[in-house]
Amino acid sequence: LDLFETLDVDGGGSIDLEELIVGISKLRGEARKADIVAVGLVMRNVQSAIANFEKRILAVLATKGVRSSQAREIRESSCESVGPTPTNLSSRYAQALSLSSP
């Protein structure tokens with residue numbers, strides 16, 4: 001059983017942020033170098049997924065008439081406290097879509 005399988009509680013083949021946090025908090029003992037590297041790789045994957053998610057949302061917003069400056073303001077305000085997560089980004093972008101609709 002490797003670190004990924006340990007953290008992928010639901011067996012879905014991906015690790016969401018909640019699984020990562022809960023899984024890491026349950027790990028016991030000294031962290032080995034391999035564990036630290038593995039967590040770093042998982043975090044890089046999560047960051048990449050969030051960036052790809054944001055790109056797709058921005059493309060949708062552009063088709064709905066939301067200006068890039070509005071989208072940038074939304075992103076910056078969503079990231080102030082905890083950083084960009086799909087939940088806070090999507091809720092802010094959904095607000096922008098409802099505001100831009102006639």
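Please read these numbers as outputs of a predicted model, since none were measured by experiment.

**Q** With reference to specific residues and values, describe the overall build of the chain.
**A** In terms of helices and strands, the chain carries five helices and zero strands. Counted from the first residue to the last, the chain has its helices and strands arranged as α-α-α-α-α. By the burial criterion, 24% of the 102 residues in the chain qualify as buried. Long-range pairs, those at least 24 residues apart, make up 44% of the contacts in the chain with a sequence separation of at least 6. Element-wise, carbon and sulfur atoms account for 56% of the exposed surface of the chain, whose accessible area totals about 7300 Å².

**Q** Before we move on, could you go through the side chain of glutamate 19 and cite the residues and values that matter?
**A** Within the secondary structure, glutamate 19 is located in helix H2 (residues 17-26). In this view, glutamate 19 contacts Leu7, Asp8, Val9, Asp10 and Ser14; residues no more than four positions away in its chain are not counted.

**Q** Please provide a residue-by-residue account of the nonpolar core, values included.
**A** Leu3, Leu7, Ile15, Leu20, Val42, Val46 and Ile50 together form the largest nonpolar core, which totals seven residues. Those elements that provide at least two residues to this core are helix H1 (3-7) and helix H3 (33-63). Tallying contributions element by element places H3 first for this core, with three residues. Look past the residues within four positions of valine 42 in its chain and what remains in contact with it is Ile15 and Leu20.

**Q** Any details on H2? Residues and values, ideally.
**A** Taken together, the buried positions of H2 are occupied by Glu19, Leu20 and Gly23. In a view along the axis of H2, the buried residues occupy a sector of 100 degrees, so they form one face of it. Exposed residues pointing more than 90 degrees away from the buried face of H2 are listed as Glu18, Ile21 and Ser25. On its buried face, H2 sits against H1 and H3.

What counts as what
Residues numbered from 1 in each chain as written. Predicted model: local features only at pLDDT ≥ 70, side-chain atom pairs only at ≥ 80, totals over all residues. Heavy atoms only, no water. Helix = DSSP H or I, 4+ residues; strand = E, 2+ residues; numbered from the N terminus. Buried < 20%, exposed > 50% of the residue type's maximum accessible area, 1.4 Å probe, protein only. Contact = heavy atoms within 4.5 Å. Areas by Shrake-Rupley, 256 points an atom, 1.4 Å probe, with all protein chains shown as cover. Core = buried A, V, L, I, M, F, W, Y, C linked by side-chain atoms within 4.5 Å. Arc of directions from axis to C-beta.

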